[in-house]
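Residue-level structural notes
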Amino acid sequence: MSAVVLLIAVLIPFVGGFVLFGGKEWSYRKLQIVSETLVIVTSLLVGLIILQRPEEELLFFQLTGNLRVVLKLDGLGCVFAGLVAFLWPLANLYAFEYMSHDEKRRHTFFGFYTMTYGVTLGIAFSGNILTMYFFYEMLTLVTVYLVMHPMHKKAIRASRMYLYYSLGGAAFAFLSIICLTIFGDTSNFVLGGVLDMQKVSVHPNWVLIMFLLAFCGFGVKAAIFPFHGWLPRASVAPTPVTALLHAVAVVKSGAFAIIRIIYYSYGADFLRGTWAQYVVTVMAMISILYASTMAVKEIHIKRRLAYSTISNLSYILLGATMMTPLGMIGAVCHLVVHAFMKICGFFCVGAVMHQTGKNYVSEIEGLGRKMPWVFGCFTVAAISLAGIPPFGGFISKWNLGTAALLSESPLGYAAMAVLLYSAFMTAIYMGTIVLRAWFPRKEQILSFDENDRDPGWKMKLPIVIFACIIFLLGIFAKPLLNMIQNVAYGVF
């Protein structure tokens, strides 16, 4: 298969977004049909690309010298692209019902929503760090409007903060690109790294500093502490947006980029045992401790899940910073499993807010009896997030714990302790919601109206599918783990 299909897959939703911008006079039904058609066609094409992966690269355009924007699909890109392609049509379907009451700027919303799909695929298909950086910053531009969509003061402030944080991270990441251009044999992604050790030996600490800047720069979108402040505030965006921000498009792109720079640019062998590894590992552990604790204290449901995202994204980074194949396996496994857990959780919370208008944990007493489908699926996501078998979260956390204990880093045991603490806190902040919904306190006076019920099928179907997948990933984890192991060892 020709590599041109990579560009086509990126351009279909991106160009389609501009088409949707012109749909101001369309009926909502027509808008839905066009949007979902674009997304489904793109996802089917991505599936075909993964099954018949092109071996060659596609030169998009060349700036100067070896500064090229190149599309090329490798094993890690297949995992990320496949995840995005599976989730997006279902997320789009959910958004149709969720946005049905918002008659202002719906065409613009779905235009940017669809364009974000294409840009995220561009990150997955990037053949070198410059291409990834190009799409990574484009992702900021197409998602900032989605955060701003409600157009009230909180949304505007949140979008500005998101933009400021992202631009600051971009500056850090850009310095790292310069470093890799100078000290690397190539700018392409190569498992094991691209650094020329003869050049690096002259200024090893400068290279490590540039790696730390890259980690922090790309870590902004992964919401690592102390660059996490934008994420809880971005919860003011509509739930279809926050779900994709937290599950796939933005934060997962940040985690994906960090896995790239560790294992495919700087090289785990070069970084392992250096002071830079200790710094980034400690940053990931602090993020987990901080976010898990804050999630327990947070009373707003969406912001509680936002802190949960910060914690779980740092699980991925913690696995990646082990700088071993096992660490990469744990990181990629949690990247996949967490996407399903978190999008399921956010969609359930969004359904509660959409149907009832309730936003706080204290307001959901007894709602499980009125919304059994929503809270049944939320319970599955909550149990999985806590790492309880037989759900998918147990598998990914088991691999992360194994990587920590078997790593050559002295921080491995500390990392394991942090994971156990976070699992305990997760059980508290997710379990509180589940228990309140299903087992209200007797003294609590419950007040329901006719809208306090499960949503329509467009919102319900994605939630049920995600809950089923969370269970299946725990029961039938071997195919996923085999694929990820092949990616980590360069076989796939």
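Here's what I pulled together on the structure shown here. Note that the structure is predicted; figures quoted are calculated from it, not measured. (Residues numbered from 1 in each chain as written. Predicted model: local features only at pLDDT ≥ 70, side-chain atom pairs only at ≥ 80, totals over all residues. Heavy atoms only, no water.)

Moving on, we get to the overall build of the chain. Within the chain one finds 21 helices and two strands. In terms of overall size, the chain behaves like a compact globule, its C-alpha atoms giving a radius of gyration of 22 Å where 492 residues would be expected to give roughly 23 Å. Judged by the C-alpha coordinates and their principal axes, the chain covers about 70 × 55 × 45 Å. The proportion of buried residues among the 492 residues of the chain is 63%. For the chain, contacts bridging at least 24 residues in sequence account for 81% of all contacts bridging at least 6. Carbon and sulfur atoms make up 67% of the accessible area of the chain, which totals about 18100 Å². (Helix = DSSP H or I, 4+ residues; strand = E, 2+ residues; numbered from the N terminus. Rg over C-alpha atoms; globule rule 2.2 N^0.38 Å. Buried < 20%, exposed > 50% of the residue type's maximum accessible area, 1.4 Å probe, protein only. Contact = heavy atoms within 4.5 Å. Areas by Shrake-Rupley, 256 points an atom, 1.4 Å probe, with all protein chains shown as cover.)

With that settled, the discussion passes to the packing of aromatic side chains. Under the definition given, this model contains 28 aromatic pairs. Aromatic side chains F211 and F215 sit 6.3 Å apart centroid to centroid with 50 degrees between the ring planes, which places their arrangement in the tilted category. Of this pair, F211 and F215 both sit in helix α8 (residues 204-219), four residues apart, roughly one helical turn. Among the residues examined, F215 registers a relative accessible area of 0% and is labelled buried. Taken together through their ring pairs, the aromatic side chains of Y28, W88, F96, F109, F110, Y113 and Y117 make up a single cluster. Here the basic side chain of K221 rests over the ring of Y136, its NZ or CZ set 4.5 Å away from the ring centre. (Phe/Tyr/Trp six-rings, centres within 6.5 Å; stacked < 30°, edge-to-face > 60°. Lys NZ or Arg CZ within 6 Å of the ring centre and 35° of its normal.)

The N-to-C vectors of α8 and helix α13 (residues 275-297) enclose an angle of 15 degrees; their axes lie 9 Å apart at closest approach. The angle between α8 and α13 falls in the class roughly parallel. By crossing handedness, the relation of α8 to α13 is classed as right-handed. Across the interface between the two elements, N205, L208, I209, F211, L212, F215 and C216 of α8 pack against W275, A276, V279, V280 and M283 of α13. Of the residues belonging to the contact of α8 with α13, the class tally is eleven nonpolar, one polar and no charged. (Axes fitted to C-alpha atoms, helices over the stretch in contact; angles between N-to-C directions. Parallel < 35°, antiparallel > 145°, perpendicular 65-115°, else oblique. Left-handed = near helix turned anticlockwise from the far one by under 90°. Nonpolar A, V, L, I, M, F, W, Y, C, P; charged D, E, K, R; others polar.)

Let us look at the pattern of salt bridges. In a structure, side chains of opposite charge can pair up when their charged atoms sit close to one another. Following the criterion strictly, the structure yields five salt bridges and no others. In this structure, R303 engages E298 in a salt bridge whose closest nitrogen and oxygen atoms are separated by 3.4 Å. Judged by its relative accessible area of 28%, R303 falls in the partly exposed class. Residue E365 is joined to R436 by a salt bridge in which the shortest nitrogen-to-oxygen separation is 2.4 Å. Here E365, found in the loop between α15 (325-356) and α16 (367-370), pairs with R436, found in helix α19 (residues 412-438); they are 71 residues apart in sequence, far enough to count as distant. Taking the relative accessible area as the measure of exposure, E365 reaches 3% and is therefore buried. (Salt bridge = Lys/Arg side-chain N within 4 Å of Asp/Glu carboxyl O.)

Moving on, we come to helix α5 (residues 129-148). Here α5 is 20 residues long and its end C-alpha atoms lie 29 Å apart, about the 28 Å a rise of 1.5 Å per residue gives. If you check the start of α5, you find a side-chain oxygen 3.3 Å away from the backbone N of L130, and it comes from N128. (Expected span 1.5 Å × (residues − 1). Polar contact = N/O pair within 3.5 Å; in protein donor to acceptor, adjacent residues only side chain to side chain.)

Within the secondary structure, L130 is located in helix α5. As a C-alpha pair, L130 and N188 span 58 residues in sequence and 8.6 Å in three-dimensional space.

Here we come to the packing of helix α18 (residues 392-406) against α19. In a pair of packed helices, the angle between the axes and the distance between the axes together describe the arrangement. Between α18 and α19, whose axes approach to 7 Å, the crossing angle comes to 155 degrees. In terms of their interaxial angle, α18 and α19 are classed as roughly antiparallel. The segment α18 lies against α19, with K397, L400, G401, A404 and L405 engaging G412, Y413, A415, M416, L419, A423 and T426. Tallied by class, the residues present in the contact of α18 with α19 amount to eight nonpolar, three polar and one charged.

So, about the environment of W457. Mapped onto the secondary structure, W457 falls in helix α20 (residues 457-475). Separated by 155 residues in sequence, W457 and K302 place their C-alpha atoms 22 Å apart. Apart from residues lying up to four places away in sequence, W457 is in contact with L93, E97 and P462.

The next subject is the side chain of S311. Among the structural elements, S311 can be located in helix α14 (residues 301-320). Once residues within four sequence positions are removed from consideration, S311 is found in contact with I288, A291, S292 and S422.

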